[in-house]
Amino acid sequence: MNGKATTTRTRLDRGRSALGPALELVHTGRAPTRAVLTAELGVTRATAGAVAAELEALGLIRVDSNPGAAAGSQGRPSHRLAVDEKGPVALAAQVHPDGFRAALVGLGGTIVATAPGSVVVSADPAQVLGAVVDAGAALLAESGRRCVGAGLAVPSAVAEPEGTALNPLHLAWPAGAQVRQIFAERVREAGIEGPAFTGNDVNLAALAEHRHGAGRGARDLLCVATGHRGVGGALVLDGRLHTGSAGLALEVGHLTVNPEGRPCHCGGRGCLDVETDPLAFLTAAGRVPGPEVSLLQQSRDLLRTSPDDPGVRVAVGELIDRLGLGLAGLVNILNPDRIILGGLHRELLDADPERLRAVVADRSLWGRSGGVPILPCTLDHNSLVGAAELAWQPVLDDPLTALSRESV
């Protein structure tokens with residue numbers, strides 16, 4: 001082997017350990033050029049070039065063949081980097097009280113294809129998860145794309161390491177349902193490649209928002225959201241999702257915010273779960289929920305079409321005050337540097353942002369010393385994107401090993 005070939009091989013070998021970190025930088029949009037990649041990895045330009053070339057050869061990223069500089073920038077032009085839009089995908093699935101949704105999600109958190117399911121969510125997890133996997137398998141067959149794995153988001157705490165749905169209160173599934181095992185079995189039966197993962201829907205929404213949305217750049221991120229029913233919370237610390245010793249951290253839905261309030265499924269009363277979700281909003285606004293569309297959609301429609309209705313204004317104020325009280329308690333305990341709100345809570349923030357921020361500031365110690373930014377979630381279907389992140393993580397950790405394992 002001549003000297004030039006030896007140098008090239010040594011450079012590539014040295015860069016193999018940087019493949020995962022490099023891919024994550026491109027995946028999260030933090031390395032738009034090879035020059036930025038070089039600086040972020042702390043390697044030489046030649047090594048960064050070899051790493052980028054290897055990721056391109058794996059079909060994961062694209063390297064612009066013509067170096068260019070951003071407008072107004074100085075210095076040597078650099079090759080632009082981007083995820084490969086025609087590269088592999090992850091199968092993402094989400095189950096909620098009104099149905100399910102399957103999607104294909106590429107690197108960068110990009111939803112490539114999606115299929116909503118109109119199936120009534122039965123009390124049999126195997127039936128529901130079989131239907132959602134079948135929908136995902138159809139998307140994969142139509143796309144012809146390679147699949148790196150599958151991820152599932154469920155509206156329940158998921159106990160670790162068993163992967164059981166501890167409290168799927170709004171699905172009528174049995175407590176302790178083996179959702180991870182059932183999902184993995186259905187994925188294998190469908191002939192879908194790669195590992196299968198399962199997580200709580202709000203945890204996964206927070207993960208997606210931290211990497212691709214409103215939480216990007218936050219160090220200690222608190223996410224609180226209400227979807228079709230109930231309220232969930234999640235915490236990202238130092239860039240990693242915090243799930244506690246058994247996967248059950250941040251069950252914020254069972255914080256008491258109205259001691260004389262509605263009975264909660266957990267046995268308590270006045271929990272955030274039943275005081276600030278779509279059913280609570282519709283009830284406070286004097287509306288009787290209908291069966292035509294989800295409670296979340298009914299709430300959004302009401303806010304959009306009747307914002308000045310007296311009953312709607314009262315409901316907005318009541319829910320904001322209760323949500324703010326819960327957030328203030330969490331701020332006192334967790335001291336996050338950013339809060340993001342999803343589902344109906346995002347619409348409540350948009351309806352009266354100053355009121356919510358004032359309640360949090362007034363009732364929290366840290367709020368009085370400067371306040372915590374409170375922002376709306378920005379990703380559509382963030383729980384789906386987060387489910388895909390679970391499936392992408394082995395590839396982000398070690399692209400060569402993960403992809404070679406799938407090709408065996």
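Numbers given to residues run from 1 along each chain, matching the order in which its sequence is written. Where local features are concerned, this predicted model is filtered to residues with pLDDT of at least 70; where side-chain atom pairs are given and counted, the filter is 80 or more; whole-chain, interface and lining totals use all residues. Side-chain descriptors were evaluated using all non-hydrogen atoms of the structure, hydrogens and water having been removed beforehand.

An unreviewed UniProt entry lists the protein under the name ROK family protein, with Streptomyces bikiniensis as the source organism. Regarding the protein, the UniProt comment filed under Sequence similarities (unreviewed entry) reads as follows: "Belongs to the ROK (NagC/XylR) family." UniProt positions are given in the numbering used here, feature names are shortened, and annotations may be inferred rather than shown by experiment.

Brief notes about the overall build of the protein
Counting its secondary structure elements, the protein contains 16 helices and 14 strands. Between the two quantities, the radius of gyration covers C-alpha atoms and the globule rule is 2.2 Å times the number of residues to the power 0.38. A compact globule built from 408 residues should have a C-alpha radius of gyration of about 22 Å, and the protein, at 23 Å, falls within 12% of that. Overall size of the protein, expressed as C-alpha extent along the three principal axes, is 80 × 50 × 40 Å. Here the protein, with 408 residues, has 51% of them falling under the buried criterion. Sequence separation of at least 24 residues holds for 63% of the intrachain contacts in the protein that already meet a minimum separation of 6. Carbon together with sulfur atoms contributes 52% to the accessible area of the protein, which is approximately 17700 Å² in total. Under this rule, positive means Lys or Arg and negative means Asp or Glu; His and the chain ends count for nothing. Lys charges are placed at NZ, Arg charges at CZ, Asp charges at CG and Glu charges at CD. Of the side chains in the protein, 37 bear a positive and 43 a negative charge, and the two mean positions are spaced by 8 Å. Comment: elements are numbered from the N terminus, with helices defined as DSSP H or I runs of at least four residues and strands as E runs of at least two. The cut-offs for exposure are 20% and 50% of the maximum accessible area for each residue type, with area from a 1.4 Å probe on protein chains only; residues under the lower value are buried, those over the upper are exposed, and the others partly exposed. Residues are treated as being in contact if the distance between any of their heavy atoms lies within 4.5 Å. Reported accessibility uses the Shrake-Rupley method at a 1.4 Å probe radius. Residues are deemed covered only where the shown protein chains occlude them.

Brief notes about the sheet that holds strand 12 (residues 240–242)
By definition, two strands form a pair when at least two bridges between them are found by DSSP. The mixed open sheet is built from five strands, whose spatial order is 12-11-10-13-14. The open sheet terminates on both sides in strands that have one partner only, identified here as strand 12 and strand 14 (374–376). Across the sheet, the mean angle from the axis of one strand to that of its neighbour is 30 degrees, orientation sign disregarded. Pairing between strand 11 (residues 231–237) and strand 12: three bridges, direction antiparallel. Bridged to Leu237 within strand 12 is Arg240. Fitting a line to C-alpha atoms yields each axis, with helices limited to the stretch in contact; the angle taken between N-to-C directions then spans 0 to 180 degrees. Lying on the sheet, helix 12 (residues 344–351) is in contact with strand 10 (220–226), strand 11, strand 13 (338–343) and strand 14; it crosses strand 13 at an angle near 110 degrees.

Let's talk about unusual backbone geometry
Residue Pro161 is bonded to the preceding Glu160 through a cis peptide linkage, with omega at 5 degrees. Here Pro161 lies in the loop between strand 7 (158–159) and strand 8 (164–165). Residues other than glycine seldom take positive phi values, yet Asp238 does so here, at roughly 50 degrees. Tracing the chain through its elements places Asp238 in the loop between strand 11 and strand 12. In this model, Asn335 sits at a positive phi of 50 degrees, which is unusual for a non-glycine residue. A residue is classified by how much of its surface remains accessible, and Asn335, at 40% relative accessible area, is partly exposed.

What to know about the domain arrangement of the protein
In this document the domain limits rely on a domain assignment from an automatic tool or a database. Domain parsing of the protein yields domain 1 (19–83), domain 2 (89–203 + 382–407) and domain 3 (219–376). The distance between the C-alpha centroids of domain 1 and domain 2 comes to 30 Å. Tallying the contact residues gives 11 residues for domain 1 and 12 residues for domain 2. Each salt bridge in this description consists of a side-chain nitrogen of Lys or Arg and a carboxyl oxygen of Asp or Glu lying within 4 Å of one another. Seen at the junction of domain 1 and domain 2, the total is zero salt bridges. Any pair of nitrogen or oxygen atoms within 3.5 Å is treated as a polar contact; in protein, a donor-acceptor pairing is required on top of that, and neighbouring residues in sequence qualify only through side-chain atoms on both sides. Linking domain 1 with domain 2 are two residue pairs in polar contact (both at pLDDT 80 or more), by the criterion used here. Only helix 2 (19–27) and helix 4 (45–57) provide two or more residues apiece to the side of domain 1 that touches domain 2. Per-element tally for the side of domain 1 that touches domain 2: the top contributor is helix 2, with six residues. Note that Gly is not counted as nonpolar here; it falls among the polar residues with everything else outside the nonpolar set of Ala, Val, Leu, Ile, Met, Phe, Trp, Tyr, Cys and Pro and the charged set of Asp, Glu, Lys and Arg. Split by residue class, the side of domain 1 that touches domain 2 holds seven nonpolar, two polar and two charged.

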